[in-house]
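# Report on the structure
So the chains spell out like this:
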Amino acid sequence: MSTAPGPYDSGRERDRDEEGRARNQRPRDGLGRPLPYGADGVPRQPEGVVRAPEESVTEAQALLDAGRPFHAHEVFEDAWKSGPETERGLWKGLAQLAVGLTHSARGNTTGGARLLLRGAGAVSAWSAECGQVRPYGMDVVELVGWAEALAGLLEREGAAVDAVAHAPRLRGGSAG
């Protein structure tokens, strides 16, 4: 058996967090793409943070407004993992919307459109099941409309979008 590094082996030991779990520590750009070690990246979103739902929405909106949908996805993921079981569909759908925008801005328009529609479907289904159309001040109908419109644009144009220009307004107003 060869001990030579494989094609994906940088010769570095695997990055690990303080608990010893594998966790990539490479810096990332604003869209969450890994950069070379030592490069300047954007500050990483801390993982596993428990926030009040309103705080999650506010923090995610600030990240979306800054063109950092990948990082907004991490905020939604924390909410889905730490929140009540009854809200997991909402937060998971919102995370999918943020990842859909991430892929759309990275140029993966097919994947972006699919994730936007999957996230819109999840948020819409959760809303219908719970009978809530404005959870934590978010306008579900407007958010679903934003996702469907952006997915349509991606399917027609097939070109990357600007994450800031196309960021949704979670609590209503003019979505990008």
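The sections below set out a description of the structure shown in this document. Treat the numbers as computed from the prediction; the structure is a model and nothing was measured. (Residues numbered from 1 in each chain as written. Predicted model: local features only at pLDDT ≥ 70, side-chain atom pairs only at ≥ 80, totals over all residues. Heavy atoms only, no water.)

### Description of helix α5 (residues 140-157)
Here α5 contains 18 residues, and its C-alpha end-to-end distance of 26 Å stays within 8% of the 26 Å for a straight helix at 1.5 Å per residue. If you check which residues of α5 are buried, you get Val140, Leu143, Val144, Trp146, Ala147, Leu150, Ala151, Gly152 and Leu154. In the core, the buried residues of α5 are packed alongside α3 (88-106) and α4 (109-130). (Helix = DSSP H or I, 4+ residues; strand = E, 2+ residues; numbered from the N terminus. Expected span 1.5 Å × (residues − 1). Buried < 20%, exposed > 50% of the residue type's maximum accessible area, 1.4 Å probe, protein only. Contact = heavy atoms within 4.5 Å.)

### Looking at the pattern of salt bridges
Following the criterion strictly, the structure yields seven salt bridges and no others. Where Arg169 meets Asp65, a salt bridge forms, and the shortest distance between an N and an O atom there is 2.8 Å. Note that Arg169 is positioned in the segment after α5 and Asp65 in helix α1 (residues 53-65), a separation of 104 residues in sequence. On the accessibility criterion, Arg169 (30% relative accessible area) is partly exposed. Taking the relative accessible area as the measure of exposure, Asp65 reaches 36% and is therefore partly exposed. The partner of Asp139 in a salt bridge is Arg134, with the nearest N and O atoms 3.4 Å apart. Using a relative accessible area of 44% as the deciding quantity, one classes Arg134 as partly exposed. Here the residues in one salt-bridge network are Arg51, Glu59 and Asp78, joined through shared partners. (Salt bridge = Lys/Arg side-chain N within 4 Å of Asp/Glu carboxyl O.)

### Notes on the packing of aromatic side chains
Tallied over the full model, the rule gives two aromatic pairs. Judged by centre distance (5.9 Å) and plane angle (25°), the rings of Trp91 and Tyr136 are stacked. In this pair, Trp91 is assigned in helix α3 and Tyr136 in the loop between α4 and α5, connecting sequence segments 45 residues apart. Residue Trp91 is classed as buried on the basis of its relative accessible area, which comes to 2%. Through pairs of rings, three or more aromatic residues link up here, namely Phe76, Trp91 and Tyr136. (Phe/Tyr/Trp six-rings, centres within 6.5 Å; stacked < 30°, edge-to-face > 60°.)

### Some points on the nonpolar core
Core analysis: the biggest nonpolar cluster contains 32 residues, and Phe76, Leu94, Leu97, Leu116 and Leu170 have the highest contact counts within it. Those elements that provide at least two residues to this core are α1, α2 (69-82), α3, α4 and α5. Ranked by residue count, the leading element in this core is α5, at eight residues. When near neighbours in sequence (up to four residues on either side) are disregarded, Phe76 contacts Ala60, Trp91, Leu94, Ala95, Ala98 and Leu170. (Core = buried A, V, L, I, M, F, W, Y, C linked by side-chain atoms within 4.5 Å.)

### Quick look at empty space enclosed by the protein
Using the criterion set out here, one finds one cavity of 30 Å³ or more in the structure. Empty space within the largest cavity amounts to approximately 40 Å³. Every residue along the wall of the largest cavity is listed here: Leu64, Phe76, Leu94, Leu97, Ala98, Pro168 and Leu170. Taken together, the residues of the lining of the largest cavity sort by class into seven nonpolar, no polar and no charged. (1 Å grid on protein atoms, 1.4 Å probe; cavity = no way out; pocket = protein on both sides within 12 Å on 5 of 7 lines; lining within 4 Å. Points joined across faces, edges and corners; volume = space filled by probe spheres on them. Nonpolar A, V, L, I, M, F, W, Y, C, P; charged D, E, K, R; others polar.)

### Some words on α4
In a regular helix each residue adds 1.5 Å, so 22 residues correspond to 32 Å; α4 covers 31 Å between its end C-alpha atoms and thus fits that length. Contacts made by the buried residues of α4 are with α3 and α5. Gly131 lies just past α4 and shows a positive phi near 75°.

### Points about the packing of α4 against α5
Put simply, α4 and α5 touch, their axes get as near as 9 Å, and they point 160° apart. Classified by the angle between their axes, α4 and α5 sit roughly antiparallel to one another. Of the two elements, α4 crosses α5, and the hand of that crossing is left-handed. The residues of α5 that touch α4, namely those facing Thr109, Gly112, Ala113, Leu116, Leu117, Ala120, Val123, Ser124 and Ser127, are Val140, Val144, Trp146, Ala147, Glu148, Leu150, Ala151, Leu154 and Glu155. (Axes fitted to C-alpha atoms, helices over the stretch in contact; angles between N-to-C directions. Parallel < 35°, antiparallel > 145°, perpendicular 65-115°, else oblique. Left-handed = near helix turned anticlockwise from the far one by under 90°.)

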